[in-house]
Amino acid sequence: MSEPKEPLFHVVLYQPDIPQNTGNIGRTCVAVGAKLWLVRPLGFQLDAKHLRRAGMDYWQHLNWEAVDSLAEVQTKLQDRTWWKLTKFATRFVWDAELEPGQVFLFGSESNGLPPRLLEEDPDSNLKLPMHEEVRSLNLASTATAVMYEAVRQFGGLN
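Reference entry: report on the structure contained in this document. Just so we're clear, the structure is a prediction, and the values are computed from it rather than from any experiment. (Residues numbered from 1 in each chain as written. Predicted model: local features only at pLDDT ≥ 70, side-chain atom pairs only at ≥ 80, totals over all residues. Heavy atoms only, no water.)

1. Considering the overall build of the protein
Across its full length, the protein holds five helices and seven strands. In the protein, the succession of helices and strands from N to C terminus is β-α-β-α-β-α-β-β-β-α-β-α. Seen through its principal axes, the protein has C-alpha atoms that stretch 40 × 35 × 30 Å. Considering the protein as a whole, with its 158 residues, one finds that 45% of them fall into the buried category. Restricting the contact set of the protein to residue pairs at least 6 apart, pairs at least 24 apart contribute 78%. (Helix = DSSP H or I, 4+ residues; strand = E, 2+ residues; numbered from the N terminus. Buried < 20%, exposed > 50% of the residue type's maximum accessible area, 1.4 Å probe, protein only. Contact = heavy atoms within 4.5 Å.)

2. Comments concerning the packing of aromatic side chains
This structure, assessed with the given rule, holds four aromatic pairs. Centre to centre, the rings of Trp-59 and Trp-64 are 5.0 Å apart; their planes meet at 55°, and the pair counts as tilted. Residue classification places Trp-59 among the buried residues on the basis of a relative accessible area of 9%. Given a relative accessible area of 31%, Trp-64 falls into the partly exposed group. Here a set of aromatic residues connected by ring pairs shows up, and it is made of Phe-9, Phe-104 and Phe-154. Between the NZ or CZ atom of Lys-35 and the centre of the ring of Trp-37, over which it lies, the distance is 4.0 Å. (Phe/Tyr/Trp six-rings, centres within 6.5 Å; stacked < 30°, edge-to-face > 60°. Lys NZ or Arg CZ within 6 Å of the ring centre and 35° of its normal.)

3. A few points about helix H5 (residues 139-154)
End to end, H5 covers 23 Å across 16 residues, agreeing with the expected 22 Å (1.5 Å per residue, within 8%). For H5, the set of buried residues is Leu-139, Ala-140, Thr-142, Ala-143, Val-146, Met-147, Glu-149, Ala-150 and Val-151. Summarising the contacts, the buried residues of H5 are in contact with strand S1 (10-14), helix H1 (19-32), strand S4 (82-85) and strand S6 (103-106). Near the N-terminus of H5, the side chain that reaches the backbone nitrogen of Ala-140, with its oxygen 2.8 Å away, is that of Asn-138. (Expected span 1.5 Å × (residues − 1). Polar contact = N/O pair within 3.5 Å; in protein donor to acceptor, adjacent residues only side chain to side chain.)

4. So, H1
Counted at 1.5 Å a residue, the expected span for H1 with its 14 residues is 20 Å, and the 20 Å between its end C-alpha atoms agrees. Burial in H1 covers these residues: Pro-19, Asn-21, Thr-22, Gly-23, Ile-25, Gly-26, Thr-28, Cys-29 and Val-32. Tucked inside the fold, the buried residues of H1 contact S1, strand S2 (35-39) and H5. Positive phi appears at Gly-33, one or two residues downstream of H1, with a value of about 85°.

5. Observations regarding the sheet that holds strand S5 (residues 91-92)
Backbone hydrogen bonds are what pair the strands of a sheet, in a parallel or an antiparallel way. Within the open sheet, the seven strands sit side by side as S3-S2-S1-S6-S4-S7-S5. Their pairing is parallel. The two strands at the open ends of the sheet, each matched to only one other strand, are strand S3 (63-67) and S5. Across five bridges, the pairing between S2 and S3 is parallel. By the bridge assignment for S3, Leu-38 is matched with Ala-66. Relative to the sheet, H1 contacts S1 and S2, its axis offset from that of S2 by approximately 155°. On the sheet, H5 packs against S1, S4 and S6 and is oriented at approximately 165° with respect to S6. (Pairing = 2+ DSSP bridges. Axes fitted to C-alpha atoms, helices over the stretch in contact; angles between N-to-C directions.)

6. Focus: the pattern of salt bridges
Here the structure, examined in full by the defined rule, presents seven salt bridges. The residue Glu-65 makes a salt bridge to Lys-76 at a minimum N-O spacing of 2.4 Å. Taken as a pair, Glu-65 in strand S3 and Lys-76 in helix H3 (residues 70-76) lie far apart in primary sequence, 11 residues in all. Assessed through its relative accessible area of 42%, Lys-76 is described here as partly exposed. Measuring nitrogen to oxygen at the nearest pair gives 3.8 Å for the salt bridge that ties Lys-76 to Glu-72. With a gap of four residues between them, Lys-76 and Glu-72 both fall in helix H3, about one helical turn apart. (Salt bridge = Lys/Arg side-chain N within 4 Å of Asp/Glu carboxyl O.)

Dropping the structure here:
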């Protein structure tokens with residue numbers, strides 16, 4: 001049996017609310033070879049019925065883990081560069097030097113990331129551009145755009 005392949009990067013969803021968004025993000029993680037981390041509490045259940053309803057019939061191909069706290073993920077990935085996605089950032093995603101093995105942290109659909117996390121290291125906060133009339137972008141759309149910007153910067157998939 002071969003060793004599991006190192007994920008291209010890590011996607012952390014902090015207390016996601018909507019299973020369909022998580023399903024779409026999971027699908028993109030499978031497509032690019034990223035690991036998905038889900039930080040509880042979740043706004044849905046992780047059982048077969050709920051996963052099928054969210055369209056996650058490829059879940060068996062997804063490298064994922066659900067944890068009880070963000071601190072748990074931070075401990076497991078403490079030697080990595082962390083990027084936090086927020087509309088409050090001053091830097092755009094493409095202005096950061098994205099590298100394999102890094103971590104992308106996304107907040108919940110209803111609350112985003114806690115302000116204390118955003119204040120810890122403001123240089124690690126990134127955003128996508130949008131006009132002020134838009135309150136926020138869809139979580140799955142944002143995660144996909146960020147993941148493919150990383151893939152673009154890496155020069156494609158191996």
